[in-house]
Amino acid sequence: DAWALLYGYFRSSCSWRVRIALAFKGIEYDQQVINLVKDGGMQLSNEYKQVNPMQQVPALCIDGVTLSQSLAIIEYLEETRPNPPLLPCDPKKRAQVRMISDQIASGIQPLQNLCVLQKIGETKLEWAKHFITRGFQALEKLLQTTAGRYCVGDEVTIADLCLVPQVANAVRFKVDLAPYPTIVGINESLLQLEAFQVSHPSCQPDTPEELRA
C-alpha cells in the first residue's frame, strides 16, 4: 500500500480525526510532529508553510498529493479506500453524517482553536465553554434523531470521528456533560473501538510523559 506521512500534533482534534480514519481503514503511516506550542508554534515555520499555507494541522502526504483540512482528507481516504466504509449507502444518512460532521468541524471546534484562544486572552476558558456548550445543546437534540449505537445508526461514520475529539476538548475545557446523555453514550461506545484507542492523544509519539495513558 502507498506510504503516507501525517503532519500532526497529539492534542489537535483535527489531527485526531485523521488518525482515527487512518487506523479504521488500516492505512500505514509515519508521523511528523508539528508542536503547536513549542518555540511559539512549529506550524508557523517557513518549512511548514510550504506544506500547508494555512499553517494548521493536520496535513497528509499520500498518493503523491499533500492534503490539508481534516474532512477533505477523510473524504479522500473514503473515496480511494472505500472499505471499511465511513459513509452509509443511503443518501439521507450520508447527508446526516455530513451535517453532524460540519456542525462540529465548522460550528464548534474552530471557536476553541488555539489561534482563536490566544487572541481571546484572559477569558479564553469561559469563551471555549460557552461555544462548546452552545454547540452541544444543538448536537444533543440532533443526535437524538439520528443515533443508534453511534452518531448515525450503528455503523462508524465520519461524524463519529468528529465527535470523540470534540468531547475530549469539552472535558479539557471543563464543560459539564451531564445534560448530554446521547453524546456521552456514543462517545463511550466509540472509545471501546481499537481505531479510536490507538489514535488517542494519550498514546502518540509526541504525547508528553505526564499525559500518557
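Parameters at a glance
Residues numbered from 1 in each chain as written. Predicted model: local features only at pLDDT ≥ 70, side-chain atom pairs only at ≥ 80, totals over all residues. Heavy atoms only, no water. UniProt positions renumbered as here; feature names shortened; annotations may be inferred. Pairing = 2+ DSSP bridges. Helix = DSSP H or I, 4+ residues; strand = E, 2+ residues; numbered from the N terminus. Axes fitted to C-alpha atoms, helices over the stretch in contact; angles between N-to-C directions. Contact = heavy atoms within 4.5 Å. Salt bridge = Lys/Arg side-chain N within 4 Å of Asp/Glu carboxyl O. Buried < 20%, exposed > 50% of the residue type's maximum accessible area, 1.4 Å probe, protein only. Parallel < 35°, antiparallel > 145°, perpendicular 65-115°, else oblique. Left-handed = near helix turned anticlockwise from the far one by under 90°. Nonpolar A, V, L, I, M, F, W, Y, C, P; charged D, E, K, R; others polar.

Within an unreviewed UniProt entry, the label attached to the chain reads Maleylacetoacetate isomerase, and the organism entered is Xenopus tropicalis. Its UniProt record, at the heading Cofactor (unreviewed entry), says of the chain: "glutathione". Quoted verbatim from the Pathway (unreviewed entry) field of UniProt, the annotation for the chain is "Amino-acid degradation; L-phenylalanine degradation; acetoacetate and fumarate from L-phenylalanine: step 5/6."

Draft legend 1. Representation of the sheet that holds strand S3 (residues 59–62) within the structure. The sheet built from four strands is open, its strands ordered S2-S1-S3-S4 with mixed pairing. The sheet terminates laterally at strand S2 (30–33) and strand S4 (65–68), the two strands that pair on one side only. Here the strands of the sheet are splayed against their neighbours by 20° on average, with no regard to which way each runs. Here four bridges tie strand S1 (residues 4–8) to S2, and the two strands are oriented parallel to one another. Across the sheet, Leu5 pairs through a bridge with Asp30, a residue of S2. Relative to S1, helix H1 (residues 13–24) is tilted by about 155°, and along the sheet it contacts S1, S2 and S3.

Draft legend 2. Examining the UniProt feature "domain: GST C-terminal" (unreviewed entry) in the chain more closely. Taking the UniProt record as the reference, the feature "domain: GST C-terminal" (unreviewed entry) is found at residues 90–209. Overall, residues 90–209 shows 64% helix and 0% strand. The separation of its end C-alpha atoms is 44 Å.

Draft legend 3. Representation of the pattern of salt bridges within the structure. Counted by the stated rule, this structure contains three salt bridges. We note a salt bridge from Asp63 to Arg81, for which the minimum N-O separation is 2.9 Å. Taken together, the residues Asp63 in the loop between S3 and S4 and Arg81 in the loop between helix H3 (70–80) and helix H4 (91–107) connect sequence positions 18 residues apart. Residue Asp63 is classed as partly exposed on the basis of its relative accessible area of 35%.

Draft legend 4. Focus on the packing of helix H6 (residues 124–146) against helix H7 (residues 158–172). Remark: H6 packs on H7, axes separated minimally by 12 Å, with the N-to-C direction vectors making an angle of 140°. In terms of orientation, H6 and H7 fall into the oblique class. H6 and H7 meet at a crossing whose hand is left-handed. Contacts from Ile132, Phe136, Leu139 and Leu143 of H6 reach H7 at Leu163, Gln166, Val167, Asn169 and Ala170. A breakdown of the residues in the contact of H6 with H7 according to their chemical character gives seven nonpolar, two polar and no charged.

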